[in-house]
Amino acid sequence: MSTDRSWFDRWIFDSFTVSARGLALYRIVVALYLLLIIAPGHGSYANFSYLDSVPDIFFYPPPGPMQLFSGFPGFPFFEGLLVLLNLSLVAVLVGYRTRWATLATGLLLLVGYGFNYSLSNLHHNIFLMVLPLVMAFSNWGAALSFDARNNRAPRQVRSWPLVMVALLLGYGMFTAGVPKIIGGWLDPSTYAVHGRFLREYFVIERHDLLAPFFIDVTNEVLWETLDVATVLYEIGFLFAILHPFTTRLFSVFSIVFHTAVTLILNIAFLPNLIVYAAFVPWHRLANVLPLPEAHATVSQTRTTLVLPLLVLLGGTAFFYVVGSPLLWLNGTTGIGPWLEEIDVLAIALADLVTVVAVGSYLWRRFGTQKSVAYAQS
Amino acid sequence: MAESTVRHLFVAAIIGLVIQHGLVGIVGLYASEPWPAIVLPAFKDVHGRSGVVESKDQHIDVVLTDGQRVSFERPQFMTFMPIIHQSVFLKNQCQPVALSGSEHTDVCRRPEGKSFFLDRAQALFPEKEVRSVDIIWTRLRIDVQTRASETTPLDTLRLRP
């Protein structure tokens, strides 16, 4: 780390430690998350094909580039988009032409959701697209990939995309927090989280998980505390991104926040979970796992075109035709229709990763000190 | 990518985000929220402590030529669209003008829109003839303490062949 850099440069280039294998692990996790949880073409999160049956009269694009179109494209367009999306995700998973595949993933999602949101309802899952578009520049295909086996990927990995993701995420949180302040969330004479909860419970009829237990909780201090805590968390995120520790701390808060919202309000907001995972110190995990070297040595045989082609075609065909096997869990426990089993699974996985990451940090920070002190005594 | 390029990229991103903040606010006043944009959900509404929850709701009646009227919950009828889109779609495109106060919310009444809904209704009753599809707007009022609910009809968007 250079000491004569400006603060701005140190923030951009030195905030996060990355390694080729650590970034590769995160790349694989992102691709699996998108293929298995978001499940393009199969799950309820990235389902575009139904739009081909909607008359163009209902095409109601939000202000922006979608207004360049005059209607919904036909069935072949959406099916082609889903084939390409699954292909690009499988290519990201196995690390084949990784940068291009990652960029293609982000762009294809932008196009698909662009049409989806032209039916008059816009969801705020932009980070599902931002993540690949930014992480493509981290060179996360430098290890555990066909690119690495063929020595096609540059060896140098970059950490600044993580800072860019943090910047955009912090700003995104800020855009959620400011309207809450203007709307009166901090006014003790109003209630926001409780009001939202009552509406979700009685009007939308979200009655799953812990919702029935919280419906009788009328403690005003608790509900007002939740209002204030939500605003502080969302506004505070923008300042938290200035340091990697606080970025990680607020990412942990985010997982706690989404878990609580899922359990109580039965609203699962899955797109951002995989974004918070960017700040897990994957390089530490990569150090303890028995992973192959980042790059093949020159003497190793290069992988021919046949193997990658078979993997790409096989993987794409599987995920396009069959879809995520995890979706088979949906409908097995009787929750819903607003919450699906796969939502709960995603939240549970995020909680597990968080507990392991926080536990590992605490052990490094305090457990090892205790061990040293014990040995010295 | 050279460090100076990355530095410029960050400066551009920070300036861009500030500009976007203003643009989203201004455009949002006159139209809907722009897309794509770096924005997360605000849920800015707050509620008084009245102990009452109120909401506009919709359900769909299919009226057959034999006089029969069959009521559907929104998700039962609108299976052609993910459940998450249905309510906002009806609010923006199938809401009586008198109720919304906007001239653009009854797109469903146009010939293509009418046919779309009537065709779906006809598919549900292949043996019978559909006279109309009624999108019925109501006000739902729930007393949180007693859990008693009251539904008041507000307006109906009637789609006839």
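Residues numbered from 1 in each chain as written. Chains lettered and ligands numbered in written order. Predicted model: local features only at pLDDT ≥ 70, side-chain atom pairs only at ≥ 80, totals over all residues. Heavy atoms only, no water.

Scored by pLDDT, chain B comes out at a mean of 93, with 100% of its residues at no less than 70. Both scores are given for the predicted complex: the pTM is 0.93, the ipTM 0.93. (pLDDT = per-residue confidence, 0-100.)

Right, let's get into the pairing of strand S3 (residues 130-143) of chain B. Residue and element names in this part refer to chain B. With 10 of its 14 residues buried, S3 lies for the most part within the structure. As judged from the 13 bridges shared by strand S1 (residues 52-64) and S3, these two strands associate in the antiparallel manner. When the bridges of S3 are listed, Val52 appears paired with Asp143. Where S3 and strand S4 (residues 149-159) come together, 10 bridges link them in antiparallel fashion. Paired with Trp137 across the bridge in S4 is Asp155. The turn joining S3 and S4, which pair antiparallel and follow one another in sequence, is formed by five residues; a positive phi near 65° is taken by Arg147. (Buried < 20%, exposed > 50% of the residue type's maximum accessible area, 1.4 Å probe, protein only. Helix = DSSP H or I, 4+ residues; strand = E, 2+ residues; numbered from the N terminus. Pairing = 2+ DSSP bridges.)

Further remarks concern the sheet that holds S1 of chain B. Residue and element names in this part refer to chain B. Here we have four strands laid out as an open sheet, ordered S2-S1-S3-S4, and antiparallel in their pairing. At either end of the open sheet lies a strand with only one pairing partner, and these are strand S2 (69-72) and S4. With strand direction ignored, the average angle separating the axes of adjacent strands in the sheet is 30°. As paired elements, S1 and S2 share four bridges and run antiparallel to each other. Within the sheet, the bridge partner assigned to Val63 lies in S2 and is Arg69. Along the sheet, helix H5 (residues 111-124) makes contact with S1, S2, S3 and S4, crossing S3 at roughly 95°. (Axes fitted to C-alpha atoms, helices over the stretch in contact; angles between N-to-C directions. Contact = heavy atoms within 4.5 Å.)

Let's shift gears to the packing of helix H2 (residues 20-38) of chain A against helix H5 (residues 127-135) of chain A. Residue and element names in this part refer to chain A. Running from amino to carboxyl end, H2 crosses H5 at an angle of 150°, the nearest separation of the two axes being 12 Å. Judged on the interaxial angle alone, H5 and H2 are roughly antiparallel. The two elements H2 and H5 meet at a crossing, and its hand is left-handed. Where H2 approaches H5, its residues Leu23, Tyr26, Val30, Leu34 and Ile38 are matched on the opposing element by Leu128, Leu131 and Met135. Residue classes in the contact of H2 with H5 are distributed as eight nonpolar, no polar and no charged. (Parallel < 35°, antiparallel > 145°, perpendicular 65-115°, else oblique. Left-handed = near helix turned anticlockwise from the far one by under 90°. Nonpolar A, V, L, I, M, F, W, Y, C, P; charged D, E, K, R; others polar.)

It is common to report an interface's size as the accessible area lost on association of the parts. If you look at the interface, chain B gives 58 residues, while chain A gives 70 residues. Together chain B and chain A conceal approximately 6100 Å² of surface at their shared face, both sides included; 69% is due to carbon and sulfur atoms. If you sort the residues of chain B by the area they bury against chain A, Trp35, Leu40 and Arg49 of chain B come out on top, with a joint share of 16%. At the boundary of chain B and chain A, one finds three salt bridges. The shortest N-O distance in the salt bridge between Arg7 of chain B and Asp9 of chain A comes to 2.7 Å. Across the contact surface, chain B and chain A share 15 residue pairs in polar contact (both at pLDDT 80 or more). (Buried area = accessible area lost by both parts, 1.4 Å probe. Salt bridge = Lys/Arg side-chain N within 4 Å of Asp/Glu carboxyl O. Polar contact = N/O pair within 3.5 Å; in protein donor to acceptor, adjacent residues only side chain to side chain.)

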